[in-house]
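Single-letter residue listing:
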Amino acid sequence: MTNPHSTQPGDPCWVELYTSDLDRSIAFYRELFGWTAERAGAEFGGYVTFRNDGRAVAGAMARMEGDTDSPEQWTVYLASPDAKATADAAVAAGATVVVPPMPVGELGIMAVLGDVGGAGIGIWQAGTFGGFETIGSVSAGQWRDHAGAPSWFELHTRAYGAALTFYRDVFGWSDTFTVSDAPEFRYTTIHARSPMLGGVMDASVFLPDDSPGGWTVYFGADDVDKTVERVGDLGGSVLSPAQDTPYGRMASIADPTGARFSIGG
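Everything numeric in this text was worked out from a predicted model, so none of it was measured.

**So, the sheet that holds strand β11 (residues 150–157)**
Part 1 of the reasoning: Strand order in the open sheet formed by eight strands is β12-β13-β14-β11-β15-β18-β17-β16, and the pairing between neighbours is mixed. If you trace the sheet from one side to the other, it starts and ends with β12 (177–182) and β16 (237–245), each paired once. The sheet shows a mean angle of 20° between the axes of neighbouring strands, taken without regard to direction.
Part 2 of the reasoning: With three bridges connecting them, strand β15 (residues 214–220) and strand β18 (residues 260–264) associate as parallel partners. Within the sheet, the bridge partner assigned to Tyr218 lies in β18 and is Ser262.

**What to know about helix α3 (residues 160–171)**
Part 1 of the reasoning: Between its first and last C-alpha, α3 extends 16 Å over 12 residues, near the 16 Å set by a 1.5 Å rise per residue.
Part 2 of the reasoning: For α3, every residue scored as buried is listed here: Tyr160, Ala163, Leu164, Phe166, Tyr167, Val170 and Phe171. The buried residues of α3 occupy an angular sector of 160° when the element is viewed end-on, so they sit on one face.
Part 3 of the reasoning: Of the residues trailing α3, Gly172 is marked for its positive phi of about 80°.

**Considering unusual backbone geometry**
Part 1 of the reasoning: For the bond running from Ser194 to Pro195, omega is -5°, close enough to zero to count as cis.
Part 2 of the reasoning: Within the element layout of this structure, Pro195 appears in the loop between β13 (185–189) and β14 (198–202).
Part 3 of the reasoning: A positive phi angle is found at Asp53, which is not glycine, with a value near 55°.
Part 4 of the reasoning: For Asp53, the location among the structural elements is in the loop between β3 (48–52) and β4 (55–62).
Part 5 of the reasoning: Even without being a glycine, Leu197 presents a positive backbone phi close to 75°.

**A few points about helix α4 (residues 224–233)**
Part 1 of the reasoning: Val224, Thr227, Val228 and Val231 are the residues of α4 that are buried. One side of α4 carries all its buried residues, which in axial view fall inside an arc of 100°. Facing away from the buried surface of α4 by more than 90 degrees, the exposed residues are Lys226, Glu229 and Asp233.
Part 2 of the reasoning: Where α4 is buried, its residues contact α1 (22–33), β16, β17 (248–254) and β18.
Part 3 of the reasoning: The N-cap of α4, judged by a side-chain oxygen 3.2 Å from the amide nitrogen of Asp225 a few residues on, is Asp223.
Part 4 of the reasoning: With its phi angle positive at about 100°, Gly235 sits one or two positions after the end of α4.

Conventions and cut-offs
- Residues numbered from 1 in each chain as written.
- Predicted model: local features only at pLDDT ≥ 70, side-chain atom pairs only at ≥ 80, totals over all residues.
- Heavy atoms only, no water.
- Pairing = 2+ DSSP bridges.
- Helix = DSSP H or I, 4+ residues; strand = E, 2+ residues; numbered from the N terminus.
- Axes fitted to C-alpha atoms, helices over the stretch in contact; angles between N-to-C directions.
- Expected span 1.5 Å × (residues − 1).
- Buried < 20%, exposed > 50% of the residue type's maximum accessible area, 1.4 Å probe, protein only.
- Arc of directions from axis to C-beta.
- Contact = heavy atoms within 4.5 Å.
- Polar contact = N/O pair within 3.5 Å; in protein donor to acceptor, adjacent residues only side chain to side chain.

Written as structure tokens, this is what we have:
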């Protein structure tokens, strides 16, 4: 699997589930991907670290008391050597601060922003915890070493050009690759060579006018169809059924509380 220690500034380095039913979410992902859940102590608010074959792949936290507005969602975090400096640069570039930079013990410093198109994105400055301990890889439509692991990270946005400028300037994406720039399909990857890790899609042709879009995490599956079949039995829902694409077989899912993610293989 991709070496997590090769993470560069601006790379996706962690994903985190925000859920109103932590126990139900743990059960769902345990049965779907075979993850184990490790709960932290009260000093970290009972934060859950999901592990795949013993390696950290994702986090989860329960909805905070009194929070009635935040959606059930997965948040993608990008690596930064200085969370405060990145947040300041983001604001100067037109972003909004959702959660200001704050230390998480000695583990690191986190923040959450709304980017120039309104999509939520996290910042992670590593301390003793660097983020993913394993991820899959996708190359030429082939998903490798990916079962149960985060493998692709994708932004759907109505502000395609502005978003690319924002992430290049704020997070240092210096080697992006334009897959297509046709009116019907505009897509740029985070890197120009493998591992590309993810990309940005112009979603203005299908997103509702009032939708800011958002980041999606793709988790790998050895058999996408069998995984999709299990979703309903586990209390989730299939938003987009499994289908073949030039980039592998994919499906879009919502877990039992409504948090969206995708699977690929």
